[in-house]
Amino acid sequence: METLTQTGTELKTDFLPLKGTDFVEFYVGNAKQAAHFYKSAFGFQSLAYAGPETGVKDRVSYVLIQNKVRIVLTTPLNSAHVLNDHIRKHGDGVHSLALWVDDAYDAYEQTIKRGAKSFMEPTTLKDSFGEVSLSGIHTYGDTVHLFVERNNYNGPFMPGYEKWTPEYNPEPVGLLYVDHCVGNVGWNRMNPWVKFYEDVMGFKNILSFDDKDISTEYSALMSKVMSNGNGYVKFPINEPAEGKKKSQVEEYLDFYEGEGVQHIAIATHDIIDTVTKLKNRGIEFLTIPDNYYDDLLSRVGNIDEDIEPLRKLGILVDRDDEGYLLQIFTKPVEDRPTLFYEIIQRKGAKSFGKGNFKALFESIEIEQAKRGNL
Ligand code: FE2
């Protein structure tokens with residue numbers, strides 16, 4: 001069953017104060033084309049660039065921004081580069097969930113002494129715009145958390161990057177900030193990773209779903225939502241559960257060839273407008289059976305939005321004690337059925353749409369079946 005645990009006033013004792021998600025970095029096979037996709041389809045804006053022209057000889061990185069969402073797309077420039085290992089194994093995927101801190105040295109020390117495995121010792125990078133300090137630890141799979149301290153920096157992104165000002169600049173679509181990032185981990189690995197986020201990073205488990213909440217006829221999963229002290233950073237952790245057929249988490253693990261980031265949820269203030277624009281630009285969303293909307297209001301109570309545009313776009317609605325939320329999920333954005341996006345508009349609700357799980361997972365299973373993976 002679902003259990004909700006309120007976080008108390010733990011801020012005073014928060015040994016890892018986080019100010020939010022700083023950026024998400026993807027290792028991809030062709031960053032130039034990926035950047036075009038995220039600009040054209042998702043409305044990201046060109047921010048910064050690193051590559052041979054800026055003195056970085058072995059890789060290229062494009063930094064894109066939309067309000068507070070910053071993504072970095074990185075491609076190695078030769079076959080010997082270590083980044084190829086990530087791309088060969090996982091396809092295009094998230095390598096780093098970077099977190100914004102006031103002190104990257106302290107964040108490293110605090111987490112390492114609590115058992116984190118080091119990815120990058122603290123380093124300070126400097127250029128004419130100031131300095132950025134970075135450090136990093138490993139989390140599930142080949143994914144890492146970077147700690148980014150940028151209070152004394154006023155350049156476009158960080159030293160090594162130059163402002164990127166191309167002529168092609170499609171309009172944004174209203175994406176605001178990263179609401180949560182979900183990790184898929186292996187069988188019986190959810191609780192060890194929950195313990196990692198508790199012990200090493202001081203997170204709290206604020207919500208749990210067992211396989212009775214999240215099972216359809218075929219696939220099942222379990223999930224625990226981890227949140228940092230101020231609630232700015234939320235990482236749900238999924239593991240597969242036994243069902244009649246293959247869990248969607250298992251399909252992910254098979255195709256990503258390991259644990260990794262399953263979806264990134266991005267907030268908007270106007271989901272109807274944002275999703276309309278995304279669809280017009282070619283983003284594909286999971287479709288929901290039409291009858292989902294027939295008794296929607298009896299399930300969620302009155303909402304501000306008209307039902308018709310929600311039905312037309314396939315936007316889901318759920319309510320909890322504090323309000324309601326609207327959400328929709330893209331199909332995987334790559335050829336391997338791995339990473340996808342959620343667009344979410346919160347109107348008071350702080351939960352994750354449990355009431356939609358059944359409709360949503362049945363929709364995912366239809367797609368799994370088409371791929372022959374159910
Ligand atoms: Fe989500």
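Residues numbered from 1 in each chain as written. Predicted model: local features only at pLDDT ≥ 70, side-chain atom pairs only at ≥ 80, totals over all residues. Heavy atoms only, no water.

Draft legend 1. Looking closely at the overall build of the protein. A count of helices and strands for the protein gives 9 helices and 18 strands. The C-alpha atoms of the protein give a radius of gyration of 20 Å, which matches the 21 Å a tight globule of 374 residues would have. With the C-alpha coordinates of the protein rotated into their principal frame, the extents come out at 60 × 45 × 40 Å. For the protein, buried positions account for 56% of its 374 residues. A separation of at least 24 residues holds for 68% of the contacts in the protein among residues at least 6 apart in sequence. Summing over all exposed atoms, the protein offers an accessible surface of approximately 16,200 Å²; the carbon and sulfur share of this is 50%. (Helix = DSSP H or I, 4+ residues; strand = E, 2+ residues; numbered from the N terminus. Rg over C-alpha atoms; globule rule 2.2 N^0.38 Å. Buried < 20%, exposed > 50% of the residue type's maximum accessible area, 1.4 Å probe, protein only. Contact = heavy atoms within 4.5 Å. Areas by Shrake-Rupley, 256 points an atom, 1.4 Å probe, with all protein chains shown as cover.)

Draft legend 2. Layout of the side chain of serine 61. Checked against the element boundaries, serine 61 lands in strand β4 (residues 59-66). A polar atom in the side chain of serine 61 sits 2.7 Å from the side chain of threonine 74. Setting aside anything within four residues of it in sequence, one finds serine 61 in contact with Glu25, Ala48, Tyr49, Ala50, Val72, Leu73, Thr74 and Tyr161. (Polar contact = N/O pair within 3.5 Å; in protein donor to acceptor, adjacent residues only side chain to side chain.)

Draft legend 3. Local environment of the pattern of salt bridges. Per the counting criterion, the structure on display carries 20 salt bridges. Put simply, glutamate 362 and lysine 358 hold a salt bridge, and the shortest N to O gap is 2.8 Å. Of the two residues, glutamate 362 and lysine 358 are both situated in helix α9 (residues 357-370); the distance of 4 residues between them amounts to about one turn of the helix. A residue is classified by how much of its surface remains accessible, and glutamate 362, at 31% relative accessible area, is partly exposed. Here the salt bridges do not stand alone but share partners, grouping Asp290, Asp294, Glu308 and Arg311 into one network. (Salt bridge = Lys/Arg side-chain N within 4 Å of Asp/Glu carboxyl O.)

Draft legend 4. Quick look at empty space enclosed by the protein. Scanning all chains against the criterion turns up 3 cavities of 30 Å³ or more. If you add up the space inside the largest cavity, you get close to 230 Å³. Lining the largest cavity are 21 residues; nearest its centre among them are Val182, Asn238, His263, Phe357 and Phe361. Among the elements that line the lining of the largest cavity, the one with the most residues is α9, at 4 residues. Across the lining of the largest cavity, the residue classes break down as 13 nonpolar, 7 polar and 1 charged. The computed volume of the second largest cavity comes to approximately 160 Å³. Taken together, 15 residues make up the lining of the second largest cavity; nearest its centre are Glu251, Pro332, Phe340, Ile364 and Arg371. Within the residue set of the lining of the second largest cavity, elements represented by two or more residues are α5 (248-256) and α9. In terms of residue count, α5 provides more of the lining of the second largest cavity than any other element does, 3 residues in total. Grouping the amino acids of the lining of the second largest cavity by side-chain chemistry returns 6 nonpolar, 5 polar and 4 charged. (1 Å grid on protein atoms, 1.4 Å probe; cavity = no way out; pocket = protein on both sides within 12 Å on 5 of 7 lines; lining within 4 Å. Points joined across faces, edges and corners; volume = space filled by probe spheres on them. Nonpolar A, V, L, I, M, F, W, Y, C, P; charged D, E, K, R; others polar.)

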